[in-house]
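# Tertiary structure, described
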Amino acid sequence: MKRLEPQIALFQPISLKQQLIGVGSNSSTFVLSNDDEATIHETRFQCRFKLYQNDDNNSQKVIHEEIVFSKYPFNYEYITWRKVMDGMFETKGKGMAQFWLSSLEFHCPIPVKVQQKLKDTNIDNLQLYLDVATIQTPVRRAGEWFLLEVGKQHMFDVNRSWGSNIPIMNFENSTQWENIYIPIQQFLGVDIHKDERATTNNKATKDHSKTMANSYTKPFQLVACTWTSAAHNRRGDAVTLKDGKERLKEWITFNRLVGFDHVIVYDNSRANTNATTLKEVTDLFDPKFVTYIDWPCKVCNNNRPAHDDPGERSSQYAAEASCRARFGPFTDWMAFLDPDEYLVPMGNFTSWKEILEGIDRVEQRKVLKFRSTRARPRLNLLDPTYDPSYSNCPNEKEAADEKKPGISSCLIPRKNETFLKVYNCEYIKSPKPERFQRAMKQLYRPDFVQSHFVHYSTVTTELSMRKYNYSGAFKRAGTNNPKNERFVDEINEGVMIHAKSMTPNDGISRATRCVYKKTMCNIGIECPDDLPFDDKTHRDGFLYGNETYCNCWINRKVETLWIPKLESELKKLYP
């Protein structure tokens, strides 16, 4: 983290004081200040709005320009303090514990004069652009809290540490982003989701007239976001997988079956190649159900080049933050999932809407959590391959060589089988133990979760509420509140199947590894449904009947209900 000092500073709010330039002058500037003397509180960026108008010659002129200051949706420094950290900036390590700092969100409020001009002028002739400039300061280090909660005597003193009356840098001389296009319709009350809202409410009233569903005012009840690519590399760039199109087609189809109202696809394909994208897949579906977003942002990281773990997926983190901020206001519940993750209704449920309506009506919880284990591809649904384009795969002669009994053919999923069916074999039988919550996924209410990081709700409205707004007893340590969140009942409510792709060479050592009391068997060999599961010995595999080895269990509801439905729907896409 020591190489990220400028970036961490951008998460730290500052206060500004407006100051006149010279005696009797009407001109003013802004200087850094302590909070108690500030004109502007908790900001970090200058936002310059430029409103253009087209004249009769189709040339543009600026009819209004105005600078305002940014606002944070919550105070990142306060969140760090409530998580009982020493500070936001650490000089040792990667700062991995502070993953709520993985993406920065701030807002630029539209100036009142700009809003008025948009209402009073024909918008067909107007275009609105935004420039953003950073207000640069040194980073505040451990213990240097700029928070009222620590007490004024312990609060960071700007004048003593940085100096008095230091003006912020001129906009033009600051680091900045220029000419960000702002769609005007979003700020004029144009209801772009009117049709979707009518469809959703009509269906809810028809199917669930005795529930809360018919009172929804948002266009959607449940939305899924994903960041994906036509081809992608595993961590470390060792293996390239090219099943992105088929994966996405199946995943979108499945989510429509289980009650999702809308899916947003952030397509990262062009970060890797210009040869193909996922647009042809999303075009197979009704645009009222799927939103496609071209997202060619490359993955960057803070690790050294050629490291075997090249790092955190910054493009994915930014896509998730974007999806929550842009689409969260239009839905009651939201999930950010990979296309190999299937949220499956269980028990008597056949739709996530049924489950969520019950939670809204009875529990009022805000977050549902799913434990995650990697499902195994079923051996009886895999075929041998000797394709030389697959790396480290033996040819047919090598695989048959009796002098090398530990080497078998590479394996690939059988053609025309769904990924859900191939990977419907869990090596940890439900309900999964607590230790598998580390890589959990969540359904959450975006009006409660203000920041989400892949597996975790990192900032909530409960956590971000300032101490001076609490009506009851206040505790600094913000912990997960069981009144707001819980894990799903995997038997009676729902479960997540993580069908992460195997590579063809994952199974070449199966002859020696897929035996009792041997580890590292990545291939699924089905166990009988009634065979007891023992978590203490599951790494050994299991034996049944005449000493027959097995290592995973089929989800029967998936096998008998969801897979046939999925196969039927997929045939409709390619009749």
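What you are looking at is a predicted structure, and each value in this text was computed from that prediction instead of being measured.

Within this structure, the stated rule accounts for 21 aromatic pairs. Judged by centre distance (5.0 Å) and plane angle (85°), the ring pair of Phe-11 and Tyr-76 falls under edge-to-face. Of the two residues, Phe-11 is situated in the loop between helix H1 (5-10) and strand E1 (14-20) and Tyr-76 in helix H2 (residues 76-82); the sequence distance between them amounts to 65 residues. When sorted by exposure, Phe-11 lands in the same class as Tyr-76, which is buried.

Right, let's talk about the environment of Gly-545 for a bit. Structurally, Gly-545 can be placed in the loop between strand E23 (542-544) and strand E24 (548-550). Gly-545 sits 17 residues away from Pro-528 along the chain, and the two C-alpha atoms are 9.7 Å apart.

Moving on, we come to helix H8 (residues 314-327). Taking 1.5 Å per residue, 14 residues should reach 20 Å; H8 reaches 20 Å between its end C-alpha atoms and fits that length. Those residues of H8 that are buried lie in contact with strand E8 (220-228), strand E11 (262-267), strand E12 (290-294), strand E13 (331-336), strand E18 (441-444) and strand E19 (449-453).

Before going further, it helps to spend a moment on unusual backbone geometry. Here Ser-430 and Pro-431 are connected by a cis peptide whose omega angle stands at 0°. Within the fold, Pro-431 resides in the loop between helix H11 (419-422) and E18. Of note, Asn-165 is a non-glycine position whose phi angle comes to about 55°, a positive value. Examined against the element boundaries, Asn-165 turns out to sit in the loop between helix H4 (158-161) and strand E7 (176-182).

What follows concerns the state of the cysteines. Within the structure shown, the criterion is met by six disulfides. A sulfur-sulfur separation of 1.9 Å characterises the disulfide bridge that pairs Cys-393 with Cys-410. Linking Cys-393 and Cys-410, the disulfide has an S-S dihedral of approximately -105° and is accordingly described as left-handed. With Cys-393 in the loop between strand E16 (382-385) and helix H10 (396-399) and Cys-410 in strand E17 (residues 410-413), this pair connects stretches of sequence that are 17 residues apart. One exposure class covers both Cys-393 and Cys-410, and it is buried. Each disulfide in the protein links cysteines that, numbered along the sequence, combine into the pattern 1-2, 3-4, 5-6, 7-12, 8-9, 10-11.

Attention now goes to the packing of helix H6 (residues 244-257) against helix H14 (residues 556-573). Between H6 and H14, the shortest axis-to-axis distance is 10 Å and the interhelical angle comes to 120°. Between H6 and H14, the crossing angle belongs to the class labelled oblique. Here H6 and H14 pass one another in a crossing that is right-handed. Of the residues in H14, those in contact with Lys-249, Glu-250, Thr-253, Phe-254, Arg-256 and Leu-257 of H6 are Trp-562, Lys-565, Leu-566, Glu-569, Leu-570 and Leu-573. Of the residues contributing to the contact of H6 with H14, the split by class is six nonpolar, one polar and five charged.

Turning our eyes to something else, we now look at the sheet that holds E12. Spatially, E12-E11-E8-E13-E18-E15-E21 is the arrangement adopted by the seven strands of the open sheet, whose pairing is mixed. On the outer flanks of this sheet lie E12 and strand E21 (485-487), each paired with one strand and no other. Neighbour-to-neighbour, the strand axes of the sheet open up by a mean angle of 20°, direction not taken into account. Both strand E15 (residues 367-370) and E18 contribute to a ladder of four bridges, which runs antiparallel. Along E18, the bridge assignment pairs Phe-370 with Lys-441. Docked against the sheet, helix H9 (residues 352-363) engages E8, E13, E15, E18 and E21, running at close to 120° with respect to E8.

Calculation criteria
- Residues numbered from 1 in each chain as written.
- Predicted model: local features only at pLDDT ≥ 70, side-chain atom pairs only at ≥ 80, totals over all residues.
- Heavy atoms only, no water.
- Phe/Tyr/Trp six-rings, centres within 6.5 Å; stacked < 30°, edge-to-face > 60°.
- Helix = DSSP H or I, 4+ residues; strand = E, 2+ residues; numbered from the N terminus.
- Buried < 20%, exposed > 50% of the residue type's maximum accessible area, 1.4 Å probe, protein only.
- Expected span 1.5 Å × (residues − 1).
- Contact = heavy atoms within 4.5 Å.
- Disulfide = S-S within 2.5 Å.
- Axes fitted to C-alpha atoms, helices over the stretch in contact; angles between N-to-C directions.
- Parallel < 35°, antiparallel > 145°, perpendicular 65-115°, else oblique.
- Left-handed = near helix turned anticlockwise from the far one by under 90°.
- Nonpolar A, V, L, I, M, F, W, Y, C, P; charged D, E, K, R; others polar.
- Pairing = 2+ DSSP bridges.

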